[in-house]
There are 2 protein chains.
Amino acid sequence: MSRRPLLLLAALVCVCSSMLLGAAEAKTHHHTWDISYQYKSLDCFEKLAVTVNGESPGPTIHAARGDTVVVTVRNKLETENTAIHWHGIRQIGTPWADGVSGVTQCPILPGETFTYRFVVDRAGTYLYHAHYGMQRVAGLNGMIVVTEPAGAAVEPFTYDGEHTVLLGDWWHKSVYEQATGLSSNPFVFVTEPQSLLINGRGTAFNCSQLGAPTGSACNASSSCALPPAAALFTFVPGKTYLVRIGSLASLSSLSFEIEGHSMTVVEADGHYVKPFVVRNLFVYSGETYSVLVKADQDPARNYWAASHIVGRDTTKTPIGKAVVSYSSGANGLTTPPPTAPPAGPVWNDTAIRVAQSRAIVAHPAHVIPAPARPDRTLLLLNKQARVDGHLKWAINGVSLAFPSTPFLVSMKRGLTGAYDPRPPPDTYTAAGADGVNATVRSAAYRLGLGSVVDVVLQNAEMLSGGNRSETHPWHLHGHDFWVLAHGDGEFDPAADGGRLVLDGRDGQDRPIMKNTVPLHPHGWTAIRFRADNPGVWLFHCHLEAHVYMGMGVVFEEGVDKVGRLPASIMGCGRSKGLRH
Amino acid sequence: MSRRPLLLLAALVCVCSSMLLGAAEAKTHHHTWDISYQYKSLDCFEKLAVTVNGESPGPTIHAARGDTVVVTVRNKLETENTAIHWHGIRQIGTPWADGVSGVTQCPILPGETFTYRFVVDRAGTYLYHAHYGMQRVAGLNGMIVVTEPAGAAVEPFTYDGEHTVLLGDWWHKSVYEQATGLSSNPFVFVTEPQSLLINGRGTAFNCSQLGAPTGSACNASSSCALPPAAALFTFVPGKTYLVRIGSLASLSSLSFEIEGHSMTVVEADGHYVKPFVVRNLFVYSGETYSVLVKADQDPARNYWAASHIVGRDTTKTPIGKAVVSYSSGANGLTTPPPTAPPAGPVWNDTAIRVAQSRAIVAHPAHVIPAPARPDRTLLLLNKQARVDGHLKWAINGVSLAFPSTPFLVSMKRGLTGAYDPRPPPDTYTAAGADGVNATVRSAAYRLGLGSVVDVVLQNAEMLSGGNRSETHPWHLHGHDFWVLAHGDGEFDPAADGGRLVLDGRDGQDRPIMKNTVPLHPHGWTAIRFRADNPGVWLFHCHLEAHVYMGMGVVFEEGVDKVGRLPASIMGCGRSKGLRH
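Residues numbered from 1 in each chain as written. Chains lettered and ligands numbered in written order. Predicted model: local features only at pLDDT ≥ 70, side-chain atom pairs only at ≥ 80, totals over all residues. Heavy atoms only, no water.

A closer look at the overall build of chain A
Helix and strand content of chain A: seven helices and 32 strands. Counting the 580 residues in chain A, one finds 59% classified as buried. Accessible surface, chain A as shown: approximately 21500 Å² in total, 54% of it carbon and sulfur. (Helix = DSSP H or I, 4+ residues; strand = E, 2+ residues; numbered from the N terminus. Buried < 20%, exposed > 50% of the residue type's maximum accessible area, 1.4 Å probe, protein only. Areas by Shrake-Rupley, 256 points an atom, 1.4 Å probe, with all protein chains shown as cover.)

Structure, rendered in structure tokens:
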């Protein structure tokens, strides 16, 4: 070996060491997940669930801001593919790790292994779930908790302990049965959920309600009794808890409360909120919140934690129930609370829900200033439509079909014929974009890289049911957005447009950034974001039945700036045979 | 245009025309199939079925010997892949069209289209079905009828009309539920079937047996009454019918009979049989038969066609029932037969089943001479085993796992690491091959191209249940084999080997060729085939639960002689990025 290569080697060692030193504070967290079907009795009714390492929900991922998370997913399903989305993680520089089959990757086939690697670049509460067909509803979901690194800027609040609360709803029919009904003509609705789950447990289900026969899957035995089967949260008297709450409900808008305790909202979707106090928190599918709860009640008894459906008239779904227990109390963990569970808010009082949405503004010390004006505005009408007799959701007359080749691959590689090259209309006032003449298409909006985009989501009435209008929680991949306004009725660009101009004067509440926001019944919601993350990103209603029926749009921005695509995201559709 | 290209064009037209003329007698049959889930009530219980163009069973494919069949499969399942096997078609020169996921192709993903193109080179009765996980049991199945071309050599029998009879069994649980139980520890058996189907109808299911609650999927309404819901076969008095019978049962060995009518067996798996008469025909999963039935009974009444489970003690599964009606009778098509359905044979009389198996020999005028001796003999022990606590089926101690990269691609392209390169043992007397120390492996036997191979299938007792031993119908892909012998007890090479030497003297019955043959309880079955079809071929127990639990082996022969692989079979596992 000559001297020169040795020197080169030494230099390399130096560079690598300093890189390692520079990253010494940021850790890499490796997880290996086997995805498989397992028989589970989450609400006492035994049915198959898609599990992570045998469990549903899957494990909570813990990391600190700046860390890298590596999840090696092994698909152990027999005939079914999968893909996992890291909800709220912006995937800056890693658009191929967003986990949306048909948008950012080919699905992971049975027997195959796929590795997700991404940086969690902001503290907060996030989620993960399957993003393939309606598979999320089968149980593949969980939470991601990103904390500030040790010694980093302190959060604008203090607490003594933490709890995580994942809310959901649950059906006894398989997602295949649900999806087949939704895509049938005549349409078969999935029905309201049989149970509401808190951390994957729904003990309220009553076998007799099913009229279940002997020997059926319904098991009302002791394993289903309230504690120990319910989720249980322990409080030490006098302490303050940060309770991280997220919802991955399939269909339900939820209200969460802890009997007798008030909650101070301090975080939403990874951004600090100007604190406000509530007795119950409305949580829409895809949203996360952190609330502070003081253990200031009588420690001698237990309390209900409860979730209720709002926005839909349901009498068949029991309340979701968990138990809060004071550790020092004499009551023990297995004693149900002495009271009836809270009744929850009135299901159809939209005004109180809109009021909460409007109360969620940026913490004054943590404002991320929004651009004053957009470069482009999309006015997106959310409307049901009939296409060839099938009920669909259409946005400006276009119902989204996920293509068999991922948009990211076909757009980056210029594969023609893999998607519809005609972008959907920017407004619903455009000819033919009203939903009556809807079409099913695989199309994407092309956004200027770095441009500022406003989206005004406009709600409408359902095709049937009089003047009924539903709540749609919209979730944007790859970005956070500023929540500009929640308005009533139909958005009027002339009259309402001014409300979207931010003048930034002192003392005014500033818009918070989120990744999921509700579009309330008969109203409109305006958001703004900067299209600064090269890639292709889904923006969709987070209700699983709705996105399954086409309620989403796709944004492309700077796809030519995306780095070399990993071969592992290819192999399907027109990406067969591509190596990078 | 210069004169030279014109001449070239003229020459091309000539060549093409003559090619077309040369192929004028052989037709190409194009089919386009959408594979989707649909709600079906095949036996009055509504559940999801995997359908072909909305139906289960799928359409019968009709073609003449020498024709080409082209089936364009569009996977409209949401999250589930598929692959379709053309059972009994040898795929000479087209090993990539055999339709076995993990062996001959990558699965077809949702949203993708895959085209199967193959020649049907022998008249006879064949089958098709999904060959991916346990998907076949979900309803994707049907028949293929190949007739002699007009003017070709006449069959050694005559008849006036034809009927097709596809036998099956049916569960109310999904294949996911079945498969999850089979792979669980502790093992959960699929149970005996709820119904036996004849041409996809099983009217005998009784909702009250389920203890079904009000409003459940069980529908005992008029749509489930015996005719019109049952399969119905019409006879004209005095005429003779060729009844083509096949079984794609998941678990059940079946007996089929037509009340009051005898049947003359004339074809088995596409080969002419030395005719023999039966009252009931034993049909094992994967087998096909043609029988002649004379309409010689009282035309004034209707008759039962019935299937019964044999070889398993089942009292819970009702008889499979259909109706035979004489068209000229006064009874009408909607009148049930006046008699009770036939009781069927004694379920545990193995001797009569072995006797029928031995009666199936080649028609003297249609003998295909078998080689006198093999070049190699495999002695394959069929045994249950426990691997890491999971119940498996192992062959010589190896339980087959289907690899995520198809054997055909990895072997042809030399992809290392895609399968276990150590072939399984040739005999169970080899050290460690007894099933007690079984391993799960993706391995293949390598056969010399053109060599003659004997396989002696050796049955064994179950792991539990005393001296219980089951019937296993073994099916070979890519070949027909000569059925040499059905023996009792343990095969003794010294004593029994002589029975496998064919001396070809006159007057002796000659072995028939088949593609599926039963291995009877406590016995052995010897077959011989010529490994003359370059490719990679599955040989397996055709019971779906058994092959799912590893009861199969893989044969490679002359894979280097296989032509250029189509890109469409790639994209999964290590074949990602391959273009041919």
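Considering the state of the cysteines
Residues and elements named next belong to chain A. A full pass over the atoms with the stated rule returns two disulfides over all chains. A sulfur-sulfur separation of 2.0 Å characterises the disulfide bridge that pairs Cys106 with Cys572. Disulfide Cys106-Cys572: the torsion about the S-S bond is -85°, which places it as left-handed. Placement of Cys106 in the loop between β5 (84-87) and β6 (113-119) and of Cys572 in the segment after β32 (552-557) is noted, with a sequence separation of 466 residues between them. Each member of the pair Cys106 and Cys572 is classed as buried. (Disulfide = S-S within 2.5 Å.)

Here we look at the confidence of the model for chain A
Scored by pLDDT, chain A has a mean of 90; 88% of the residues are at 70 or more. In the model, residues 5-24 of chain A has pLDDT below 50 throughout and makes one contact with residues more than four positions away in sequence or in other chains. (pLDDT = per-residue confidence, 0-100. Contact = heavy atoms within 4.5 Å.)

Comments concerning the pairing of β32(A)
Every other side chain in a regular strand lies on the same face of the sheet, so the side chains alternate between the two faces. Residues and elements named next belong to chain A. By the criterion of burial, β32 is predominantly enclosed, with six of the six residues buried. Bridge analysis of strand β24 (residues 445-447) against β32 gives three bridges, and the strand direction is parallel. Following the sheet pairing, Leu447 is matched in β32 by Glu557. The pairing of strand β31 (residues 535-541) with β32 spans six bridges and is antiparallel. What sits directly across from His540, in β32, is Gly552. (Pairing = 2+ DSSP bridges.)

Considerations on unusual backbone geometry
Each neighbour pair has its own omega, and for A:Ser56 with A:Pro57 the value is -5°, a cis peptide bond. Along the polypeptide, A:Pro57 turns up in the loop between β2 (47-52) and β3 (61-64). The linkage connecting B:Asn185 with the following residue, B:Pro186, adopts the cis geometry, with an omega of 5°. Topologically, B:Pro186 is positioned in the loop between α2 (175-182) and β10 (195-198). Positive phi is not limited to glycine here, since B:Gln91 has a value of about 55°. Assignment of secondary structure puts B:Gln91 in the loop between β5 (84-87) and β6 (113-119).

A closer look at helix α4 (residues 350-359) of chain B
Residue and element names in this part refer to chain B. Among the residues of α4, those classed as buried are Arg353, Val354, Gln356 and Ser357. The buried residues of α4 occupy an angular sector of 155° when projected down its axis, which confines them to one face. On its buried face, α4 is in contact with β15 (271-278), β16 (280-283), β17 (288-294), β18 (303-310), β27 (481-488) and β29 (516-519). The residue sitting at the N-terminus of α4 and contributing the capping side-chain oxygen is Asp349; that oxygen lies 3.2 Å from the backbone nitrogen of Ala351. (Arc of directions from axis to C-beta. Polar contact = N/O pair within 3.5 Å; in protein donor to acceptor, adjacent residues only side chain to side chain.)

Some points on the sheet that holds β5(A)
The strands that make up a sheet are held in pairs by hydrogen bonds between backbone atoms, and each pair lies either parallel or antiparallel. All names here are of chain A. The mixed open sheet is built from four strands, whose spatial order is β3-β8-β7-β5. Each edge of the open sheet carries a strand with a single partner, namely β3 and β5. Direction aside, neighbouring strands of the sheet carry axes that sit 20° apart on average. Where β5 and strand β7 (residues 124-130) come together, four bridges link them in antiparallel fashion. Across the sheet, the residue bridging to Trp86 is Tyr128, located in β7. (Axes fitted to C-alpha atoms, helices over the stretch in contact; angles between N-to-C directions.)

Section: the interface of chain B and chain A
Every contact between the two is made by 36 residues of chain B and, on the other side, 35 residues of chain A. Summing both sides of the interface, chain B and chain A together bury roughly 3100 Å²; the carbon and sulfur share of this comes to 56%. Our count for the chain B to chain A interface comes out at two salt bridges. Residue B:Glu112 pairs with A:Lys576 through a salt bridge whose shortest N-O separation is 3.8 Å. (Buried area = accessible area lost by both parts, 1.4 Å probe. Salt bridge = Lys/Arg side-chain N within 4 Å of Asp/Glu carboxyl O.)

Some remarks on the side chain of A:Arg528
Residues and elements named next belong to chain A. One can find Arg528 in strand β30 (residues 523-530). At a separation of 2.6 Å, a polar atom in the side chain of Arg528 contacts the side chain of Asp454. Ignoring anything within four residues of it in the chain, the contact list for Arg528 reads Pro371, Ala372, Arg373, Pro374, Val452, Val453, Asp454, Phe481, Trp482, Leu484, Leu500 and Leu502.

Some words on the side chain of A:Glu556
All names here are of chain A. Locating Glu556 in the fold gives a position in strand β32. Owing to a relative accessible area of 6%, Glu556 belongs among the buried residues under this scheme. For Glu556, the side chain forms a polar contact with the main-chain nitrogen of Val559, separated by 2.9 Å. Contacts of Glu556, omitting those with residues within four sequence positions, involve Met411, Tyr445, Arg446, Leu447, Gly535 and Val536.

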